[in-house]
Number of protein chains: 2
Amino acid sequence: MTEIAAPPHRFDAAVALVPAADGLVRGRTLPAYANMVGPFGGVTAAAFVRAVQQHPDRLGDPISLTVNYAAPIADGDFDITARIMRTNRSNQHWTLELAQEGEVKTTATAVFGIRRDTWSDTETDMPSVPSPDAVPLQDLPDFIAWARNYEMRFVEGAIPDETSGEHPDSTTTLWVRDAPARPLDFPALTSLCDVFYPRVFLRRGQYMAAGTVSLTVYFHADAEEIAAQGDEYVLGTARSRRFSRGYFDQTAQMWGRDGTLLASTHQLVYFKG
Amino acid sequence: MTEIAAPPHRFDAAVALVPAADGLVRGRTLPAYANMVGPFGGVTAAAFVRAVQQHPDRLGDPISLTVNYAAPIADGDFDITARIMRTNRSNQHWTLELAQEGEVKTTATAVFGIRRDTWSDTETDMPSVPSPDAVPLQDLPDFIAWARNYEMRFVEGAIPDETSGEHPDSTTTLWVRDAPARPLDFPALTSLCDVFYPRVFLRRGQYMAAGTVSLTVYFHADAEEIAAQGDEYVLGTARSRRFSRGYFDQTAQMWGRDGTLLASTHQLVYFKG
């Protein structure tokens, strides 16, 4: 048999950035990662991580990231500006912007850093759930293009259909990985942090206008722990605390199959209904 | 009896900002709110909220805030730049910087917005705890100046002393309010979100070098709900999920005495030890 080099994964194409004038980097939205309006927010967040990672003056790996979704990104090219605000001995602070034709669509801040050995402990327990092969694969509706890039196996809180009705709590727990499978890295993990459909859909048993306003990711795992996941499933579990006057929060944890808490992630979501 | 106008509260002096050249606003650190190195991070976060609130083009009230602490703020004057990145119909995106003599010390992003009536629900239960008058007042050690501006009544997870030893979990729950008491508003609530001493002190039963790297606040309550708290205590409860290689996370909820979930807040903290 002849070994054929695999073509690059769609995800890598979706977050690919090339240097442009004035220190900007330029990317392009991929129809495969389209959401209802604009691209999937997870891929936009991942592009910010990638922008810092490939910056020549970058120090260390992602520690925290906050992305604010200011306006829909149109299909086509976008420019990311990544500015170093401060470099300390062991960490570095970034401010980022994504613009199209000079109009700001998304802003972000990031902290990257070098980790050192310290006392360590994971205080939360990983949810006790069946293994991925014991949980059926469930597709999201066809009109959500980006979801076809992920295998989702819902343990609880699957996306509602016409018969679901209201649900007493907002918890969704699922096994998820890229489709086709792809080794985990910081951008892919960042994108997975936004894989949960809006919690208000689950509570209300119906779709409505909703979109992430602000997303934060805290990276607990270092590069080695992330690489150790290979292309295995990640277990994500998300829940809201309060829905009030047009906004709700979501807090989620992303676990490696080996029991490593890879990331905590939080978001504030706009909804109408 | 003669009515005498109360002097302004120390907190208001700590977050007071005056217009300076080039659209900047200028503040000044207050020794009363000093932390181990630089000012208490809660007051810095509150100053960013205040900077947006008093901006002539501000739309609505705080929805979310993320503050990244890049470098220690020196005692003295500081300048805040508040830039509108995008104004939508019902919300507005801000990028902010705090600098001293042109050197960036803290960065932030904020989303402000106008709330509308929607379906609402608080999904988390308020912890069931004794009322504030049934919980003894506890002072933090004298060298933590800022803590003297808060009445803290610890229900669980009080700050450790020499005899404490290790603690199995990182939960602190406390009743807290400004000292002297002061009506709650968005800046004061923001500051309260950072009132928890570092969770690693509780787990390890000892002090060590630690400092917030990134703080996020999601404001669940609108201006009316916040004003309704008056100068009553707020119940805060905070916990970490993972301590790993120099960083840990903290997630907290801030409840009004009337059972309103006022804010959810998250932070990533650097530690050494």
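All figures in this text were calculated on a predicted structure; none of them were measured in a lab. (Residues numbered from 1 in each chain as written. Chains lettered and ligands numbered in written order. Predicted model: local features only at pLDDT ≥ 70, side-chain atom pairs only at ≥ 80, totals over all residues. Heavy atoms only, no water.)

Description of the overall build of chain A
Stated precisely, the cut-off is as follows: Runs of H or I in DSSP of at least four residues are treated as helices and runs of E of at least two as strands, each being numbered from the N terminus. As a reference, a globule follows 2.2 Å times the number of residues to the power 0.38, and the radius of gyration itself is taken over C-alpha atoms. Accessible area is worked out with a 1.4 Å probe on protein chains only. A residue is then buried under 20% of its type maximum, exposed over 50%, and partly exposed in between. Note on areas: these come from Shrake-Rupley sampling with a 1.4 Å probe, and a residue is covered only by the protein chains present in the view.
For chain A, the helix and strand inventory stands at five helices and 14 strands. Scaling as 2.2 N^0.38, a compact globule of 273 residues should have a C-alpha radius of gyration of about 19 Å, and chain A matches this with 18 Å. Along the three orthogonal principal directions, the C-alpha set of chain A runs to about 55 × 50 × 45 Å. The 273 residues of chain A split such that 60% are buried. Accessible area of chain A: about 10800 Å², with a carbon and sulfur share of 51%.

Observations concerning the UniProt feature "domain: Acyl-CoA thioesterase-like C-terminal" (unreviewed entry) in chain A
What counts is decided by this rule: UniProt positions are given in the numbering used here, feature names are shortened, and annotations may be inferred rather than shown by experiment.
Mapped onto this numbering, the UniProt entry annotates "domain: Acyl-CoA thioesterase-like C-terminal" (unreviewed entry) at residues 133–270 of chain A. Note that residues 133–270 of chain A is 13% helix and 39% strand, and that its end C-alpha atoms are spaced 34 Å apart.

Things to note about the UniProt feature "domain: Acyl-CoA thioesterase-like N-terminal HotDog" (unreviewed entry) in chain A
Mapped onto this numbering, the UniProt entry gives "domain: Acyl-CoA thioesterase-like N-terminal HotDog" (unreviewed entry) at residues 31–113 of chain A. Counting secondary structure, residues 31–113 of chain A comes out at 16% helix and 49% strand; the distance between its end C-alpha atoms is 33 Å.

Focus: the pairing of strand β5 (residues 91–100) of chain B
Residue and element names in this part refer to chain B. Where we set the bar: Here, a strand pair is defined by DSSP locating no fewer than two bridges between the strands.
Among the ten residues that make up β5, ten are buried, leaving the element largely enclosed by the rest of the structure. Bridge count for strand β4 (residues 77–87) against β5 is eight bridges, and the pairing is antiparallel. Each residue of the ladder has a partner; that of T81, found in β5, is E97. Linking β4 to β5, which pair antiparallel, is a turn of three residues. Here β5 pairs with strand β6 (residues 103–113) via ten bridges, running antiparallel. Its bridge partner being in β6, L96 is matched across the sheet by A108. Counting the residues between successive antiparallel strands, the hairpin from β5 to β6 contains two residues, one of them, E101, with a positive phi of roughly 50 degrees.

Details of the pattern of salt bridges
Residue and element names in this part refer to chain A. We count it as follows: Salt bridges are identified by distance alone: a Lys or Arg side-chain nitrogen within 4 Å of an Asp or Glu carboxyl oxygen.
Under the defined criterion, the tally for this structure stands at 38 salt bridges over all chains. In this structure, R58 engages D61 in a salt bridge whose closest nitrogen and oxygen atoms are separated by 3.9 Å. Here the salt bridges share partners, and the residues they tie into one network are D12, R50, R182 and D185.

As for the relation of the copies chain B and chain A
How we decide: C-alpha atoms of residues with pLDDT of at least 70 in both copies form the basis for the least-squares superposition of the copies. Whether two residues touch is decided by their heavy atoms; if any such pair falls within 4.5 Å, the residues are in contact.
Once chain B is rotated about the relating axis by 180 degrees and shifted along it by 0.0 Å, it coincides with chain A to within an RMSD of 0.0 Å. Overall, the copies show the geometry of a two-fold rotation axis. A share of 100% of interface residues in chain B that are also interface residues in chain A marks the association as one of identical surfaces.

Description of the environment of V49(B)
Inspection of the secondary structure puts V49(B) in helix α2 (residues 41–53). With residues near it in sequence (within four places) discarded, V49(B) still touches P62(B), L65(B), F112(B), F186(B), P187(B), T190(B) and F219(B).

What to know about α2(B)
Within an α-helix, residues lying three or four positions from one another point in the same direction, as the helix has 3.6 residues per turn. Just so we agree on the cut-off: Helices are assigned an expected span. That span is 1.5 Å times one less than the residue count.
For α2(B), with 13 residues, the first-to-last C-alpha span of 19 Å sits near the 18 Å given by 1.5 Å per residue. Summarising burial for α2(B): 13 of the 13 residues are buried, a large majority.

Focus on the side chain of H220(A)
Just so we agree on the cut-off: Distance and chemistry together define a polar contact, namely a pair of N or O atoms within 3.5 Å, with one atom able to donate a hydrogen and the other to accept it when in protein, and with adjacent residues in sequence counting only for side-chain atoms on both sides.
With respect to the secondary-structure elements, H220(A) resides in the loop between β10 (209–219) and α5 (223–227). Owing to a relative accessible area of 3%, H220(A) belongs among the buried residues under this scheme. A polar contact of 2.6 Å, which involves the side chain of H220(A), links it to the side chain of S264(A). Those residues in contact with H220(A) that sit more than four places away from it in its chain are R115(A), E225(A), L261(A), L262(A), A263(A), S264(A), R242(B), S244(B) and D249(B).

Considerations on the packing of aromatic side chains
Residues and elements named next belong to chain A. Using the following cut-off: Each Phe, Tyr or Trp ring (for Trp, its six-membered ring) is paired with any other whose centre lies within 6.5 Å, and the angle between the two planes then decides the class: stacked below 30 degrees, edge-to-face above 60, tilted in between. Charge-over-ring placement is defined geometrically: NZ (Lys) or CZ (Arg) within 6 Å of the ring centre, and within 35 degrees of the ring normal.
Taken as a whole and assessed by the stated rule, the structure comprises 26 aromatic pairs over all chains. Consider the rings of F201 and Y207, whose centres lie 5.0 Å apart with planes at 15 degrees: the pair is stacked. Given the relative accessible area of 9%, F201 is considered buried. A residue is classified by how much of its surface remains accessible, and Y207, at 29% relative accessible area, is partly exposed. Put simply, the rings of F143, F154, Y197, F201 and Y207 touch in pairs and so form one group of aromatic residues. The ring of Y197 is capped by R199, whose NZ or CZ atom sits 4.7 Å from the centre of that ring. Sitting above the plane of the W175 ring, R257 keeps its charged end 5.9 Å from the centroid.

Some details on the interface of chain B and chain A
Short version of the rule: Two parts lose some accessible area (1.4 Å probe) when they are put together, and adding that loss for both gives the buried area.
Across the boundary between the two partners, chain B contributes 68 residues, which contact 68 residues of chain A. Interface of chain B and chain A: buried area, both sides summed, is about 6400 Å²; carbon and sulfur atoms make up 47% of it. Inspection of the chain B/chain A interface yields 14 salt bridges. Here chain B and chain A share 44 residue pairs in polar contact (both at pLDDT 80 or more) between them.

Regarding the pairing of strand β3 (residues 61–69) of chain A
Residue and element names in this part refer to chain A. Extensive coverage of β3 is indicated by the burial of eight of its nine residues. When β3 meets strand β6 (residues 103–113), the two strands line up antiparallel, connected through eight bridges. The partner of T66 across the bridge, within β6, is T109. As paired strands, β3 and β10 are joined by five bridges and run antiparallel to one another. Pairing of N68 across the sheet is with S214, part of β10.

Side note on unusual backbone geometry
All names here are of chain A. A cis amide bond links A179 with the next residue in sequence, P180, at an omega value of -5 degrees. Among the structural elements, P180 can be located in the loop between β9 (172–178) and α3 (186–192). With a phi close to 50 degrees, E101 is a non-glycine residue in the positive phi region. Looking at where E101 falls in the secondary structure, it is placed in the loop between β5 (91–100) and β6. Take E101: its relative accessible area is 85%, and that puts it in the exposed class.

With respect to the side chain of R50(A)
Residues and elements named next belong to chain A. One can find R50 in helix α2 (residues 41–53). The exposure class of R50 is buried, given its relative accessible area of 16%. Setting aside chain neighbours within four positions, we find R50 in contact with D12, V15, L17, R182, D185 and P187.

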